[in-house]
Amino acid sequence: MPNFSTSVKLKYVKLGYQYLVNHILTFLLIPIMVGVVIELLSLGPDQIYEIWSSLHFNLLQVLCSSFFIIFIATVYFMSKPRSIYLVDYACFKPPVTCRVPFATFMEHSRLINSDNPKSVEFQMRILERSGLGEETCLPAANHYIPPKPTMEASRGEAELVIFSAIDDLLKKTGIKTKDIDILIVNCSLFSPTPSLSAMVINKYKLRSNIRSFNLSGMGCSAGLISIDLARDLLQVHPNSYALVISTEIITPNYYSGNQRAMLLPNCLFRMGAAAILLSNRRRERRRAKYRLVHLVRTHKGADDKAYRCVYEEEDAQGKVGISLSKDLMVIAGEALKSNITTIGPLVLPASEQLLFLFTLIGRKIFNPKWKPYIPDFKEAFEHFCIHAGGRAVIDELQKNLQLSSEHVEASRMTLHRFGNTSSSSLWYEMSYIEAKGRMKKGNRVWQIAFGSGFKCNSAVWKCNRTITTPTDGPWADCIDRYPVYIPEIVKL
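In this text the structure is predicted, and so the values were computed from the model without any measurement.

Residue Pro-194 follows Thr-193 across a cis peptide bond; omega there is -5°. Its location among the elements puts Pro-194 in the loop between strand S2 (182–186) and helix H9 (196–204). In the segment running from Tyr-482 into Pro-483, the intervening peptide bond is cis, with an omega of 5°. Along the polypeptide, Pro-483 turns up in the segment after strand S11 (455–463). With a phi angle near 50°, Lys-205 is a residue other than glycine that sits in the positive phi range. In this fold, Lys-205 is placed in the loop between H9 and strand S3 (211–215). For Lys-205, a relative accessible area of 62% translates into the label exposed. Despite not being glycine, Ser-422 has its phi angle at roughly 65°, a positive value.

Written as structure tokens, this is what we have:
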């Protein structure tokens, strides 16, 4: 007998199953409607008139029915959450003067750590396998030997990345600063006084009654936490605009010690910022790029290992740095599992949910050794924006979610071109997809971010309109070169 798997195209069987389950209501209603139409056609005009005449209506019944329908419709529309629209966003593009090629980075490392060649060698091995390219950028203070992480330099970097992103966004959208009702700034490791949100208010002379918030210490997933906060505020403040700024200031966070777990951030983190304009105004529906569909947050901080896997502390010499645990990927996997358990039922089609349920029941009742069914999230989303935290993060999610190379292309290319820009990396990835001309009306985008604590946050966006290929933005001068081949190891 011929091999069943080769003689039958199983993928077409699965496609047929998915189409059948996802359109089951349509398949059930069509025969009923056809039967009703045939029955009506078989009746004569006199019989139809007799049926109509047999129906007795009085004014009180009509009024009560009308009132009931209007009441139910009013309650429904008043209780329905307001739609949150992403009007537009802008990403900071670092100047070429901040570029740090591999040779420059390694030369600085050798000069700064001349008394510890093992630390230099370790950083070289990390950089070779990092997935970063030759055009990533560090702030001016990190180009000195040794670096100068002063408060003035830190504020200078913050002003450069934040103001540049906001200026680009205001130019894109054409809104006036006095129209901004809500301001949220997230920056994990640099939290000066006055706050960064106060710095923005002072620069752009925002209104005195603006609702401003400054989030710190929440890691690379803070961008989606800011979006969640903006969503909640826009639900209770109608007809408003919310400006969200996501960034990480690199200047004050250079680690000059020799602890390997603390040297990793030096190799991976780079300059970046994004400014996002959200609104609940109905008139923005037409020009807005996206509509927020779901946002799910998962926090594993109750577990001690998860809490300490990304931890700011002093080393034995009293030098402060961010320590990354060896268990980071395992903890991230557990956080992702919890997150997709929540978001799965919200986004997966019925066909995938039924397959998952049948497999779960089969493992419980028949055979515990059955391989668990991993839902096909490609049926729920056209685009994936995975936090570009490092090559290992992207590899692990691609494997666990069974994604193709094209699905993770935006994440890999963002890591290559800009490095790990922390909470703003998701927006560089979204910009990459737009720059490639791939974002079409109705497309669904899944943003996945991880952060200290430990947190895994997801946002689902639906594209409102086909996005024309932008002529500006962070990818404007290099998109034609991408995607590029990234070898497993780049020999330095």
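A separate point is the pattern of salt bridges. Enumeration over the complete set of coordinates arrives at 18 salt bridges. Glu-313 is paired through a salt bridge with Arg-308; the nearest N and O atoms lie 3.7 Å apart. Classification of Arg-308 by relative accessible area gives partly exposed; the value is 44%. Where Asp-395 meets Arg-412, a salt bridge forms, and the shortest distance between an N and an O atom there is 2.6 Å. Of the two residues, Asp-395 sits in helix H15 (residues 391–400) while Arg-412 sits in helix H16 (residues 409–418), which places them 17 residues apart along the sequence. One network of salt bridges, in which partners are shared, links Asp-228, Arg-231, Asp-232 and Arg-297.

What follows is about the sheet that holds strand S9 (residues 383–386). If you walk across this open sheet you meet the nine strands as S3-S2-S4-S5-S1-S6-S11-S10-S9, and the pairing is mixed. The strands lining the two open edges of the sheet, one partner per strand, are S3 and S9. Shown here is a sheet whose adjacent strand axes are inclined to one another by a mean of 20°, direction ignored.

What follows deals with the packing of H16 against helix H17 (residues 425–435). Where H16 meets H17, the axes come as close as 9 Å, and the angle between the chain directions of the two elements is 115°. Classified by the angle between their axes, H16 and H17 sit roughly perpendicular to one another. Every pair of crossing elements has a handedness; the one defined by H16 and H17 is right-handed. Residues Glu-409, Ala-410, Ser-411, Met-413, Thr-414 and Phe-418 of H16 lie in contact with H17, whose contacting residues are Ser-425, Tyr-428, Glu-429, Tyr-432 and Ile-433. Grouping the constituent residues of the contact of H16 with H17 by class yields six nonpolar, three polar and two charged.

Most of H17 is tucked away: eleven of the eleven residues are buried. Among all positions of H17, only Ser-425, Leu-426, Trp-427, Tyr-428, Glu-429, Met-430, Ser-431, Tyr-432, Ile-433, Glu-434 and Ala-435 are buried. Gly-437 sits one or two positions beyond H17 and adopts a positive phi of about 70°.

Turning to the packing of helix H6 (residues 102–112) against helix H7 (residues 117–128), a few remarks are in order. Two numbers describe how H6 lies on H7: the axes approach to 9 Å, and their chain directions differ by 160°. By the angle between their axes, H6 is roughly antiparallel relative to H7. H6 and H7 meet at a crossing whose hand is right-handed. Contacts between H6 and H7 involve Phe-102, Phe-105, Met-106, Ser-109 and Arg-110 on the former and, on the latter, Val-120, Gln-123, Met-124 and Leu-127.

Rules of the game
- Residues numbered from 1 in each chain as written.
- Predicted model: local features only at pLDDT ≥ 70, side-chain atom pairs only at ≥ 80, totals over all residues.
- Heavy atoms only, no water.
- Helix = DSSP H or I, 4+ residues; strand = E, 2+ residues; numbered from the N terminus.
- Buried < 20%, exposed > 50% of the residue type's maximum accessible area, 1.4 Å probe, protein only.
- Salt bridge = Lys/Arg side-chain N within 4 Å of Asp/Glu carboxyl O.
- Pairing = 2+ DSSP bridges.
- Axes fitted to C-alpha atoms, helices over the stretch in contact; angles between N-to-C directions.
- Parallel < 35°, antiparallel > 145°, perpendicular 65-115°, else oblique.
- Left-handed = near helix turned anticlockwise from the far one by under 90°.
- Contact = heavy atoms within 4.5 Å.
- Nonpolar A, V, L, I, M, F, W, Y, C, P; charged D, E, K, R; others polar.

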